[in-house]
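Remarks on the overall topology
Next come the chains, spelled out residue by residue.
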Amino acid sequence: MRFDIVSLFPGFVAQLAAHGVVGRAGERGLLSINGWNPRDFAEGNYRRVDDRPCGGGPGMVMMVDPLRAAIHAARAADPAPARVVYLSPQGTRLTQAKVRELAALPRLVLLCGRYEGVDERLLQAEVDEELSIGDYVLSGGELAAAVLVDAVARLQDGALNDAESALQDSFEGDGLLDCPHYTRPVEHELGSVPEVLLSGNHAGIARWRRQQALGRTWLRRPDLLDEAGLSKADRTLLDAFRAQYAAAPRDAGEGG
Ligand code: ADE
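Residues numbered from 1 in each chain as written. Predicted model: local features only at pLDDT ≥ 70, side-chain atom pairs only at ≥ 80, totals over all residues. Heavy atoms only, no water.

Bringing the nonpolar core into the picture now. Ranked by size, the top nonpolar core spans 26 residues in total, and within it Phe3, Leu87, Leu108, Leu110, Leu148 and Val152 carry the most contacts. Of all elements in the fold, only strand 1 (2-6), helix 2 (20-27), strand 5 (83-93), helix 4 (96-103), strand 6 (107-112) and helix 6 (142-153) reach the threshold of two or more residues within this core. Per-element tally for this core: the top contributor is helix 6, with seven residues. Other than its neighbours up to four places away in sequence, Leu148 contacts Val85, Leu87, Leu94, Leu102, Leu108, Leu110 and Leu131. Core analysis: the second largest hydrophobic core is formed by 20 residues, Val64, Ile71, Leu111 and Leu122 among them. (Core = buried A, V, L, I, M, F, W, Y, C linked by side-chain atoms within 4.5 Å. Buried < 20%, exposed > 50% of the residue type's maximum accessible area, 1.4 Å probe, protein only. Helix = DSSP H or I, 4+ residues; strand = E, 2+ residues; numbered from the N terminus. Contact = heavy atoms within 4.5 Å.)

This is the structure in structure tokens:
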């Protein structure tokens, strides 16, 4: 998969993406990340990329032409069709479902804004989709682009090692939060590992993990439960969790 980052700091995104799973995927030839700086496409001695907002007000707005030329250059660098995504807090929210959709594409051009925004005419003409990584404001799209690249890159075939893939399979797609994890030592001054995890009873362990995932989702992200399509067995597990939580929040696995 090919990523093209249009940004005043394209090296910043490439640097963020040079480590860990994304870096390794690059080394394995599963993806490439290419930077395009609109300043290189700007005219005049000052290579200006922004100007004051029409109608007045604070800050600066990124101009149409340098961004347009950078996007066109990125498109022309490879014959595969590219989806152009603008990262902004005004976009629709990035979800794992959207990440899966993007991961199936051959190319993505990611447009990172700075300053107060980007001239709307450029967005109308060149951008296929506007995405936000959450309801908070960053000072530019670069960190959001790095988040998107990471989430998409790890879904490329061969990007994850077996252990990472297995972990991924166990909770991706069911729409629930992950269960808690423990390792040795079993006894610690901060508490003991839940007994069931030491029992060797695989069915019991799986049931406990499922119940914890359900309980956590109910406590922390009840909005996700509506979408999760719970089975009858799930509902029974969750009811038991809720009863236990009402009686003793700590014993149900959550501090309180
Ligand atoms: N740029 C600034 N804030 C952002 C956000 N929350 N998501 C995506 N891009 C952004």
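Next comes the rest of the account.
To find the voids left in a structure, one rolls a probe of water-molecule size over its atoms. Considering only enclosed or pocket space, the second largest pocket measures out at about 400 Å³ in volume. If you go around the second largest pocket, you meet 25 residues; those closest to its centre are Tyr86, Leu87, Ser88, Pro89 and Gln90. Mapped by element, the contributors of at least two residues to the lining of the second largest pocket are strand 5, strand 7 (117-118), helix 5 (120-126) and strand 8 (129-132). Of all the elements, strand 5 adds the most residues to the lining of the second largest pocket, at five residues. Its residues placed into classes, the lining of the second largest pocket shows 12 nonpolar, nine polar and four charged. (1 Å grid on protein atoms, 1.4 Å probe; cavity = no way out; pocket = protein on both sides within 12 Å on 5 of 7 lines; lining within 4 Å. Points joined across faces, edges and corners; volume = space filled by probe spheres on them. Nonpolar A, V, L, I, M, F, W, Y, C, P; charged D, E, K, R; others polar.)

A few words on the sheet that holds strand 4 (residues 61-62). Within the open sheet, the three strands sit side by side as 3-4-7. Their pairing is mixed. In this open sheet, the two edge strands, each paired with only one partner strand, are strand 3 (50-51) and strand 7. Bridge analysis of strand 4 against strand 7 gives two bridges, and the strand direction is parallel. Paired with Met62 across the strands is Val118, a residue of strand 7. (Pairing = 2+ DSSP bridges.)

Here we come to the packing of aromatic side chains. On inspection of all chains with the given rule, the structure shows three aromatic pairs. Judged by centre distance (6.2 Å) and plane angle (80°), the rings of Trp218 and Phe241 are edge-to-face. Of this pair, Trp218 sits in helix 8 (residues 202-220) while Phe241 sits in helix 10 (residues 232-247); the two residues are 23 residues apart in sequence, bridging distant segments of the chain. Taking the relative accessible area as the measure of exposure, Trp218 reaches 22% and is therefore partly exposed. On the accessibility criterion, Phe241 (1% relative accessible area) is buried. (Phe/Tyr/Trp six-rings, centres within 6.5 Å; stacked < 30°, edge-to-face > 60°.)

Further remarks concern the sheet that holds strand 6. Spatial ordering of the open sheet is given by 2-1-6-5-8, a layout of five strands whose pairing is parallel. Only two strands of the sheet have a single neighbouring strand rather than two, namely strand 2 (32-36) and strand 8. Direction aside, neighbouring strands of the sheet carry axes that sit 35° apart on average. Sitting on the sheet, helix 3 (residues 64-76) is in contact with strand 1, strand 2, strand 5 and strand 6, with an inclination near 165° to strand 6. Contacting strand 1, strand 2, strand 5, strand 6 and strand 8, helix 6 crosses the sheet at an angle of about 160° to strand 6. (Axes fitted to C-alpha atoms, helices over the stretch in contact; angles between N-to-C directions.)

Moving on, we get to helix 6. Because each turn of an α-helix spans 3.6 residues, side chains separated by three or four positions in sequence point in the same direction. Across its 12 residues, helix 6 extends 16 Å between first and last C-alpha, which sits within 8% of the 16 Å expected from 1.5 Å per residue. The element helix 6 is extensively covered by neighbouring structure, given that nine of its 12 residues are classed as buried. (Expected span 1.5 Å × (residues − 1).)

In this section: the domain arrangement of the chain. Split by domain assignment, the chain resolves into domain 1 (2-153) and domain 2 (168-247). Each of domain 1 and domain 2 has a C-alpha centre, and the two are 38 Å apart. (Domains from an automatic or database assignment.)

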